[in-house]
Amino acid sequence: MYEMLVGLEVSDNETYAQYREAMKPTLARYGGGFGFDFVVSEVLLSQVEVAINRVFTINFPSQNAADDFFSDSEYLKAKSQFFATSVLNTTIIACYEKNT
């Protein structure tokens, strides 16, 4: 399983929730899902200068499936409509193969 650990600075929780709902059917088509999802109130140490207030894992059967998902036209439509207006910063903390 291929997994990504992602930090975001979400500026509009309602619109971000709409993004999550809009992208879920496409995510499911690629065998993807969320493992953990946290709202962060305080960051004690960071390697980036941008704020992070949301941390989650997203996983796929393979890196190819992840790449295909992130370039899918339906995903890009949801991203443009909801993500772009609700997230100020994205930090990819880590990408790795996860043994289950």
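The rules behind these values
- Note that residues are indexed from 1 along each chain, following the sequence as it is written.
- pLDDT decides what is reported in this predicted model: residues at 70 or higher carry local features, side-chain atom pairs at 80 or more are listed and counted, and totals for whole chains, interfaces and linings draw on all residues regardless.
- The side-chain numbers reported here are obtained from all heavy atoms of the structure, hydrogens and water having been left aside.
- Each helix is a run of H or I in the DSSP string that is no shorter than four residues. Each strand is a run of E no shorter than two, and both are numbered from the N terminus.
- Radius of gyration means the value over C-alpha atoms here, while the globule rule gives 2.2 Å times the residue count to the 0.38 power.
- Each residue is assigned to one of three classes by its accessible area relative to the maximum for its type, calculated with a 1.4 Å probe on protein chains only: buried under 20%, partly exposed between the two thresholds, exposed over 50%.
- Any two residues whose heavy atoms approach within 4.5 Å are treated as being in contact.
- Here, a salt bridge means any side-chain nitrogen of Lys or Arg that lies within 4 Å of a carboxyl oxygen of Asp or Glu.
- Residues belong to one nonpolar core when they are buried, are Ala, Val, Leu, Ile, Met, Phe, Trp, Tyr or Cys, and are joined through side-chain atoms within 4.5 Å.
- Think of it as the arc spanned by the lines of direction from the helix axis to the C-beta atoms.

K.L.:
Account for the overall build of the chain, naming residues and giving values.
P.N.:
When its secondary structure is counted, the chain shows three helices and four strands. Listing every helix and strand of the chain by position from the N terminus yields β-α-β-β-α-α-β. Against the globule reference of 13 Å for 100 residues, the chain gives a C-alpha radius of gyration of 13 Å, in line with a compact fold. Within the span of the chain, comprising 100 residues, buried residues form 35% of the whole. Contacts in the chain between residues at least 24 apart in sequence constitute 80% of all its contacts with a sequence separation of at least 6.

K.L.:
Got a sec to walk through the pattern of salt bridges? Specific residues and values, please.
P.N.:
The tally for this structure, following the rule as stated, stands at five salt bridges. Taking the shortest distance from any N to any O, the salt bridge between arginine 20 and aspartate 37 comes out at 3.1 Å. Separated by 17 residues along the polypeptide, arginine 20 in helix H1 (residues 13–29) and aspartate 37 in strand S2 (residues 33–39) bring together distant segments of the chain. Accessibility expressed as a relative area gives 9% for arginine 20, which makes it buried. Assessed through its relative accessible area of 36%, aspartate 37 is described here as partly exposed.

K.L.:
Lay out the nonpolar core in plain terms, naming residues and giving numbers.
P.N.:
One finds Leu8, Tyr16, Tyr19, Met23, Ile58 and Phe60 to be the most contacted residues of the largest nonpolar core, which totals 20 residues. Element by element, the count of residues in this core is highest for strand S1 (residues 2–10), at five residues. In this view, tyrosine 16 contacts Leu8, Val10, Arg54, Phe56, Phe83, Ser86 and Val87; residues no more than four positions away in its chain are not counted.

K.L.:
Report on helix H2 (residues 63–70), specifying residues and quantitative values.
P.N.:
Turning to H2, its buried residues are Ala65, Ala66 and Phe69. Along the long axis of H2, the arc covered by the buried residues comes to 100°, so they all point the same way. Elements in contact with the buried residues of H2: S1, H1, strand S3 (54–60) and helix H3 (73–86).

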